[in-house]
Amino acid sequence: MSVNIVNNRRGATIWLTGLSGAGKSTLAERLAAALAQRGWAPEVLDGDVVRTHLSKGLGFSKEDRDTNIRRIAFVSNLVTKQGGAVIVAAISPYRHTRDEARELIGNFVEVFVRCPLEELVRRDVKGLYAKALRGEIANFTGVSDPYEEPLTPEVVVDTDRETVDESVAKVLAALEGAGYLESAPGLFSGLGQPHGGRLVLRQASAEALDEWDQRIARGDVPTLPVSGRVACDLELLANGGFSPLDGFLGQRDYRSVVRDLRLGNGLLWPIPIVLGVAEALAAQWRERQDIALVDDEGRALAILHLQEKFLLSGAEVRAEARGVYRTEDEAHPGVRAVYARPPVLLGGPITALRRPARPAVFEPYRLDPTETRRAFAERGWRSVVGFQTRNPVHRAHEYIIKTALESVDGLLLHPLVGETKDDDIPADVRLRCYEALLAGYFPVERVQLAVMPAAMRYAGPREAIFHALIRKNYGCTHFIVGRDHAGVGTYYGTYEAQQLLAEFSEADLGIRPLFFEHSFYCTACGSMASTKTCPHDSAHHVVLSGTMVRTLLAEGKTPPPEFSRPEVAHILIEAARAGAPV
Ligand SMILES: [Zn+2]
């Protein structure tokens, strides 16, 4: 059984943009050959060739350049709609025209063919750059005419630093990742595609951001302060982590998710992503209104394009608690948050303006799905296991991770840094633990550390699916599910999350869950082991309860090295001394 969404082939336009001489035509030619080998022979629309036929007579004014690009987009769209592949190689200097093409075609993969000007001048056999730099050629893109770099291209290739083969491989990986191209035959073919087939990115362009900020400043757009939890959701809607969602759920999707763990279109989705407001507030707004969502410092994080608003009854709210959290108990932190949410839900797509503020320690690890996917592709990883954690990693977790890593290419260590309970260990302390563990005990070239901005729901089984789907969007093919995943207190059985995941097919999930049991150091085995692999009784197992560990750390004592790496223990002892919960 494998995920196969390319049987009814979706067409695609692969749009190579970049300065003259950057290597677009060469890349187009080699890419065309590579695609033909994979059974998907593309049409190539090369800018220079197009100008002798489709756009004969057009010059190089902005207007003529735009007309040329619009014609190319028109033809590309016809081919793409028929399930064909098109490779466009055209300077296409203006962002808005490329975005217009993207809008028209839909299945659009923008490849920024990047090369610094010095290198272009060096390569320039016809001496055109030299002439332009001397002021002898007007409207020469990159010198006497603007080139607007793409803001969020699907692929960036650096032709001054990589071989054509490497660039081709990057584009192929992106096509596979977005589900346009079936992965090369292999054990894990088909996995690792975004949920629903493509990453849905909602980040505004720089121009749009400016415009929205001005409209907000003028008072044209009403503002709505949102909680830290909603801010976390906005970040994942912006960066594609919540693909295929483009905003907050409407009524039909909400009901369907609560009842059936599926969106209205049938796609698996276990947790409602919603925005609640008070009735009085909701009454001021009408459908099709734009509302600025602001954080507690008044920074506009996103625009909600309101499509519908609906009031939940008390019974519906309790049904959500029961359905999603399997309890109506207010003591459950996730249920408490549902009960505290104002009762009118606003649904509609969002346009993200800026990311929520986070501690500076996270910045180097704040990678979006496009960035983790690129990092995986650059290292040639075809299978990647994701590990969700909100705790320091002790030997038991390390063993599980390494056991998984034995059979895949790479690891995404992906700690959750969104809103958690106050008594959870602070995320910056955890981050230092991961850094110490990776530095001392992992092969760096096989691990990517990045932070995941979701808020914790503590929804146990449903959240395990949620966490798996998010990691699928980040490019993982496998996901580790241990004991009591995303649980809290005694609300869920130890293996309830694994059992729920096992109810769904790999076609539904599109990511392969890896289930693990309780693991420990066994003195009789003389190694780490689990209840699956060790025959000895618990007297031989080095197991410490959470309370025992916390007591040791609070007293400044390190747990045994069979339980915790000393480097990690020292960081936790320091944190405990400074008064942090550990
Ligand atoms: Zn043993």
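Just so we're clear, the structure is a prediction, and the values are computed from it rather than from any experiment.

Cut-offs applied
- Residues numbered from 1 in each chain as written.
- Predicted model: local features only at pLDDT ≥ 70, side-chain atom pairs only at ≥ 80, totals over all residues.
- Helix = DSSP H or I, 4+ residues; strand = E, 2+ residues; numbered from the N terminus.
- Rg over C-alpha atoms; globule rule 2.2 N^0.38 Å.
- Buried ≥ 20, exposed ≤ 12 C-beta atoms within 10 Å, placed from the backbone.
- Contact = placed C-beta atoms within 7 Å.
- Pairing = 2+ DSSP bridges.
- Right-handed = clockwise from strand over helix to strand, strands pointing away.
- Axes fitted to C-alpha atoms, helices over the stretch in contact; angles between N-to-C directions.
- Domains from an automatic or database assignment.
- Expected span 1.5 Å × (residues − 1).
- Arc of directions from axis to C-beta.

## What to know about the overall build of the chain
When helices and strands are tallied, the chain shows 21 helices and 20 strands. For a compact globule of 582 residues, the expected C-alpha radius of gyration is about 25 Å, and the chain comes in at 26 Å, within 12% of that figure. Structurally, the chain occupies a C-alpha span of about 85 × 60 × 45 Å along its principal axes. Counting only residues that meet the buried cut, the chain has 44% of its 582 residues in that class. At a minimum sequence separation of 6, the contacts of the chain that also span at least 24 residues come to 74%.

## Remarks on the pairing of strand β13 (residues 384-389)
Buried residues dominate β13, accounting for five of its six residues. With six bridges connecting them, β13 and strand β14 (residues 410-415) associate as parallel partners. Along β14, the bridge assignment pairs Thr 389 with Pro 415. Regarding the hand of the β-α-β motif, the stretch spanning β13, helix α15 (residues 395-405) and β14 is right-handed. Both β13 and strand β16 (residues 478-481) contribute to a ladder of two bridges, which runs parallel.

## What about the sheet that holds strand β2 (residues 43-46)?
Strand order in the open sheet made by the five strands is β2-β3-β1-β4-β5, with parallel pairing throughout. Of all strands in the sheet, those bounded by a partner on one side alone are β2 and β5 (155-158). The sheet shows a mean angle of 15° between the axes of neighbouring strands, direction not considered. Direction of pairing for β2 relative to strand β3 (residues 85-89): parallel, over a ladder of four bridges. Bridge pairing in β3 links Glu 43 to Val 86. Helix α1 (residues 24-37) rests against β1 (12-17), β2, β3, β4 (108-114) and β5 of the sheet, and its axis sits at about 165° to β3. Packing against the sheet, helix α3 (residues 62-81) makes contact with β1, β2 and β3, and its axis sits at approximately 160° to β3.

## Some remarks on the domain arrangement of the chain
Split into domains, the chain comes out as domain 1 (12-177), domain 2 (206-352) and domain 3 (361-577). Computed over C-alpha atoms, the centres of domain 1 and domain 3 are 42 Å apart.

## Re α1
Its 14 residues place the ends of α1 20 Å apart at the C-alpha level, agreeing with the 20 Å of an ideal helix rising 1.5 Å per residue. Where α1 is concerned, the buried positions are Lys 24, Leu 27, Ala 28, Leu 31, Ala 32 and Leu 35. Buried residues along α1 cover an arc of 135° about the axis, so they all sit on one side. Summarising the geometry of α1, the exposed residues directed more than 90 degrees from the buried face are Ala 33, Ala 36 and Gln 37. Residues of α1 that are buried make contact with β1, β2, β3, β4, β5 and α7 (164-177). Among the residues trailing α1, Gly 39 stands out with phi positive, at a value near 80°.

## Remarks on the sheet that holds β14
Spatially, five strands are ordered β15-β14-β13-β16-β17 in an open sheet, and the strand pairing comes out parallel. Because the sheet does not close on itself, it has two edges, and the strands there are β15 (447-449) and β17 (512-515). Sheet twist, expressed as the mean angle between neighbouring strand axes with direction ignored, is 25°. Summarising the sheet, β14 and β15 pair through three bridges and their orientation is parallel. Its bridge partner lying in β15, Leu 411 is registered against Val 447. This element, helix α16 (residues 427-441), spans β14 and β15 of the sheet and lies at about 160° to β14.

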